[in-house]
Amino acid sequence: FTQEAKSDNERFLASIHYTGNIRNNNVISNDFNGIAGIELRYNIISSGKLNFQAGLGVDFFKSRDNYVIESLKNTFMINPNIGVELKATNKFRPFLNVGITFFKITNEFNILNSINDPSDPAFSKNYNGFSINPGFRVLLTKQMYFQTDYKYIPVEKNFNIHLINVGFGCKF
């Protein structure tokens, strides 16, 4: 592998990013701060102006601890996805990913609420959903890039999660 000449179509992409949680009056936006995330991508097919990719994103959310009676644990959001990247120019790469998001919220034990039961449905709740993720990458060098994207996750009727990610990554 080290003896092979590098091409412009490196197969793997890895990035770290800040996860911005847009406030829109639901349990995710009111009770959690987006902190950071990582994303790993693999170019399945590189064809002319398009890269078809599969990826996995993991984002960390810190509880805001707004409640006196119950407290929510910090949590992770896991997002396996597939997408397509357009090689618009040598430096600019817009993309669109779609996937499934797994997001679970769990209450912590609190003295004021001493009857928490892990088998109780109120103890934890899943906010899983389909995700749509448009964004773009700007290549800074052949291996380094800046990336920003928006993630929309419709969970239930009139309950949506909106995230903005900004970060840096590398191709290899």
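Look up: the structure comes first, before these words.
Definitions and limits used
Residues numbered from 1 in each chain as written. Predicted model: local features only at pLDDT ≥ 70, side-chain atom pairs only at ≥ 80, totals over all residues. Heavy atoms only, no water. Core = buried A, V, L, I, M, F, W, Y, C linked by side-chain atoms within 4.5 Å. Buried < 20%, exposed > 50% of the residue type's maximum accessible area, 1.4 Å probe, protein only. Helix = DSSP H or I, 4+ residues; strand = E, 2+ residues; numbered from the N terminus. Contact = heavy atoms within 4.5 Å. Salt bridge = Lys/Arg side-chain N within 4 Å of Asp/Glu carboxyl O. Polar contact = N/O pair within 3.5 Å; in protein donor to acceptor, adjacent residues only side chain to side chain.

## Observations regarding the nonpolar core
1) Next: Ranked by size, the top nonpolar core spans 13 residues in total, and within it Ile 28, Phe 103, Ile 105 and Tyr 127 carry the most contacts.
2) Next: Tallying contributions element by element places strand S10 (residues 159-171) first for this core, with 3 residues.
3) Next: If we ignore the near neighbours within four places in the chain, the residues touching Tyr 127 are Val 27, Ile 28, Thr 101, Phe 103, Ile 105, Val 155 and Phe 159.

## Quick look at the pattern of salt bridges
1) Next: Evaluation of the coordinates by the stated rule reveals 5 salt bridges.
2) Next: Here Glu 39 ties to Arg 41 by a salt bridge, and the two come within 3.4 Å at their closest N and O atoms. Each of the two residues, Glu 39 as well as Arg 41, counts as buried.

## Notes on the side chain of Lys 151
1) Next: Mapping Lys 151 onto the fold places it in strand S9 (residues 144-156).
2) Next: In this structure Lys 151 touches Asp 59, Met 77, Asn 79, Ser 131, Ile 132, Asn 133, Ile 161, His 162, Leu 163 and Asn 165, once residues within four positions along its chain are discounted.

## Quick notes on the environment of Glu 39
1) Next: The topology assignment puts Glu 39 in strand S2 (residues 32-47).
2) Next: As for Glu 39 and Ala 14, which are separated by 25 residues in sequence, their C-alpha atoms are 5.7 Å apart.
3) Next: Beyond its immediate stretch of four places on either side in the chain, Glu 39 contacts Leu 13, Ala 14, Ser 15, His 17, Leu 56, Gly 57, Asn 81, Asn 97, Arg 137 and Gln 147.
4) Next: Side-chain polar atoms of Glu 39 contact the side chain of Arg 41, separated by 3.4 Å.

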